[in-house]
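Chain by chain, the residues run as shown.
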Amino acid sequence: MIRERRNLKCTIFGKVQGVGFRAWVRKNALKKNICGWVINNENGTVELEASGNDFELEDFLYDLKKGSFFSKVKKVEYKYIKFRKLDNFEIVTNWKYIY
C-alpha cells in the first residue's frame, strides 16, 4: 500500500503551555519519523505543522489528542494540507523562523 505524504496543521487548546508540552511533541514526532515545528501562541494555545505519511500522522494526531502527562488537552483543531518538505522537528520561539 502506498502511503501519501502530506502535512498536518494543528492548534491545541487546554493546559499546554508551561508544562513541557512542546518538548513532548518534539520527542514524540521524532520517534515517529515526523518533521515539522511547534510554537506557543500568545493566546495560550500551541500550534504545529507536521510532515509525514498518512499512518505516521494519524498516530501522531491520536497522541496529540491524549496529550502529555502534565498537560490537559481540551481540543485539537486540525487540517491536512498539501505536502511540503520540512526538516527535523523544531521547537520554535518566534514566528519569523517558520516561513
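Procedures and definitions
- In this numbering scheme, every chain counts its residues from 1 along its sequence in written order.
- For a predicted model such as this one, the threshold for reporting local features is a pLDDT of at least 70, and the threshold for listing and counting side-chain atom pairs is 80 or more; totals across whole chains, interfaces and linings nevertheless cover every residue.
- Heavy atoms throughout the structure, all of them, feed into the side-chain values; hydrogens and water do not.
- Each pair of strands is called paired provided DSSP finds at least two bridges between the two strands.
- Going along the chain from the N terminus, every DSSP run of H or I of four or more residues is numbered as a helix, and every run of E of two or more is numbered as a strand.
- Interaxial angles span 0 to 180 degrees and are taken between N-to-C directions of axes, which are lines fitted to C-alpha atoms, for helices over the stretch in contact.
- Angular relationships are summarised with four words: roughly parallel below 35 degrees, roughly antiparallel beyond 145, roughly perpendicular across 65 to 115, and oblique for the angles in between.
- What makes a crossing left-handed is the near helix being turned counterclockwise from the far one by less than a right angle; a clockwise turn instead makes it right-handed.
- Contact between two residues is taken to exist if any of their heavy atoms lie within 4.5 Å; hydrogens are not considered.
- Each residue is assigned to one of three groups, with Ala, Val, Leu, Ile, Met, Phe, Trp, Tyr, Cys and Pro labelled nonpolar, Asp, Glu, Lys and Arg labelled charged, and all others, Gly among them, labelled polar.

Draft legend 1. Geometry of the pairing of strand 1 (residues 5–15). Pairing analysis gives eight bridges linking strand 1 to strand 3 (residues 46–53), with the strands arranged antiparallel. Across the sheet, residue Thr-11 finds its bridge partner in strand 3, namely Glu-47. Two strands pair when backbone bridges link them, and strand 1 and strand 4 (residues 72–81) are joined in this way by nine bridges, in the antiparallel orientation. For Thr-11, the partnering residue across the bridge sits in strand 4 and is Glu-77.

Draft legend 2. Structural view of the packing of helix 1 (residues 21–31) against helix 2 (residues 54–66). Between helix 1 and helix 2, whose axes approach to 11 Å, the crossing angle comes to 155°. The angle between helix 1 and helix 2 places the two elements in the roughly antiparallel class. The crossing of helix 1 and helix 2 is right-handed. Facing Phe-21, Trp-24, Val-25, Asn-28 and Ala-29 of helix 1, the residues of helix 2 in contact are Phe-60, Asp-63 and Leu-64. The residue inventory of the contact of helix 1 with helix 2, partitioned by class, reads six nonpolar, one polar and one charged.

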